[in-house]
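# Descriptive analysis of the structure
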Amino acid sequence: MYAPLAQAYDACAALLLRRLAEAESRSAAAEGLPPGAGAGGAPEAEGVGAVGGGGVAVLLATHNRASVAAATRRMSALGLPAAHCGVHFAQILGMADDLTLALGLQERQTDR
């Protein structure tokens, strides 16, 4: 019953992460920097929310461990560092605390 919902979530997360990586690439190119040399806060990309200072942030809120694993693999594949300031993982306080701890130990940005 939940598999189609998880698949849709994973596809949306992958799209947002790809747009973030593309926006960073464009930003680095505009500044004459090599790909991946951006500061981790790309200009606003379509479908991705801007944060203070004009950077981009993607908030991935889920307790689904498979979805978090898929998102972290996608980040690696796109060359986005684990501690990227524009990618945050969120869980409700008191739920999936072990998942939040594991993400924090990987130096990923977490919110509660």
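Below: a short report on this structure. (Residues numbered from 1 in each chain as written. Predicted model: local features only at pLDDT ≥ 70, side-chain atom pairs only at ≥ 80, totals over all residues. Heavy atoms only, no water.)

## Things to note about the overall build of the protein chain
Note the threshold: A run of H or I in DSSP counts as a helix once it spans at least four residues, and a run of E counts as a strand once it spans at least two, with each numbered from the N terminus. We call two residues in contact when some of their heavy atoms are within 4.5 Å. The method behind every accessible area is Shrake-Rupley, applied with a 1.4 Å probe, and residues are considered shielded solely by the protein chains displayed.
A count of helices and strands for the protein chain gives 3 helices and 4 strands. Starting at the N terminus and walking to the C terminus, you meet the elements of the protein chain as α-β-β-α-β-α-β. Considering only contacts in the protein chain between residues 6 or more positions apart, those separated by 24 or more positions represent 56%. Roughly 6400 Å² of accessible area belongs to the protein chain as shown, and the carbon and sulfur atoms make up 59% of that amount.

## Considerations on helix α3 (residues 97–105)
As a reminder, the rule being used: Only protein chains enter the area calculation, which uses a 1.4 Å probe; residues under 20% of their type maximum are buried, those over 50% are exposed, and those in between are partly exposed. The arc under discussion is defined with respect to the helix axis, by the directions toward the C-beta atoms.
All of the buried residues in α3 are Leu-99, Thr-100 and Leu-103. Along the axis of α3, the buried positions cluster into a sector of 100°, meaning they face one direction only. Those residues of α3 that are exposed and angled more than 90 degrees off the buried face are Leu-101 and Leu-105. Contacts made by the buried residues of α3 are with α2 (65–78), β3 (87–90) and β4 (109–111).

## Points about helix α1 (residues 3–30)
Using the following cut-off: Helices are assigned an expected span. That span is 1.5 Å times one less than the residue count.
Here α1 is 28 residues long and its end C-alpha atoms lie 40 Å apart, about the 40 Å a rise of 1.5 Å per residue gives. Listing the buried residues of α1 in full gives Ala-6, Ala-13, Ala-14, Leu-17, Leu-20, Ala-21, Ala-23, Glu-24, Ser-27 and Ala-28. Within two residues after α1, Gly-32 carries a phi angle of roughly 75°, on the positive side.

## A look at the packing of α1 against α2
Condition: The axes are straight lines fitted to the C-alpha atoms, using for helices just the contacting stretch, and the angles between their N-to-C directions are given from 0 to 180°. By the definition adopted for this analysis, an angle is roughly parallel if under 35 degrees, roughly antiparallel if over 145, roughly perpendicular if from 65 to 115, and oblique otherwise. Whether a crossing is left-handed or right-handed is set by the direction in which the near helix is turned from the far one by less than a right angle, anticlockwise for left-handed and clockwise for right-handed.
Where α1 meets α2, the closest approach of the two axes is 10 Å, and the angle between their N-to-C directions is 25°. The orientation of α1 with respect to α2, classified from their angle, is roughly parallel. Viewed along their axes, α1 and α2 form a crossing whose handedness is right-handed. On the side of α1, the interface is formed by Ala-6, Tyr-9, Asp-10, Ala-14, Leu-17, Arg-18 and Ala-21, while α2 contributes Ser-67, Ala-71, Arg-74, Met-75 and Leu-78.

## Side note on unusual backbone geometry
A positive phi is found at Ala-96, a non-glycine position, where the angle reads about 55°. Mapped onto the elements, Ala-96 comes out in the loop between β3 and α3. Even without being a glycine, Glu-107 presents a positive backbone phi close to 65°. Summarising the element assignment, Glu-107 is placed in the loop between α3 and β4.

## Let's talk about the packing of α2 against α3
Two elements in contact, α2 and α3, have axes whose closest approach is 11 Å; the angle formed by their N-to-C orientations is 15°. Taken together, the axis directions place α2 and α3 in an arrangement best described as roughly parallel. Crossing handedness for the pair α2 and α3: right-handed. Contacts between α2 and α3 pair Arg-65, Val-68 and Thr-72 from the former with Asp-98, Leu-99 and Leu-103 from the latter.

## Things to note about the pattern of salt bridges
The condition that has to hold: The term salt bridge refers to a side-chain nitrogen of Lys or Arg lying within 4 Å of a carboxyl oxygen of Asp or Glu.
Applying the stated criterion across every chain yields a total of 2 salt bridges. The closest approach of N and O atoms between Arg-18 and Glu-22, which form a salt bridge, is 3.3 Å. Taken together, the residues Arg-18 and Glu-22, both in helix α1 and 4 residues apart, mark about one turn of the helix. Residue Arg-65 pairs with Asp-98 through a salt bridge whose shortest N-O separation is 2.7 Å.

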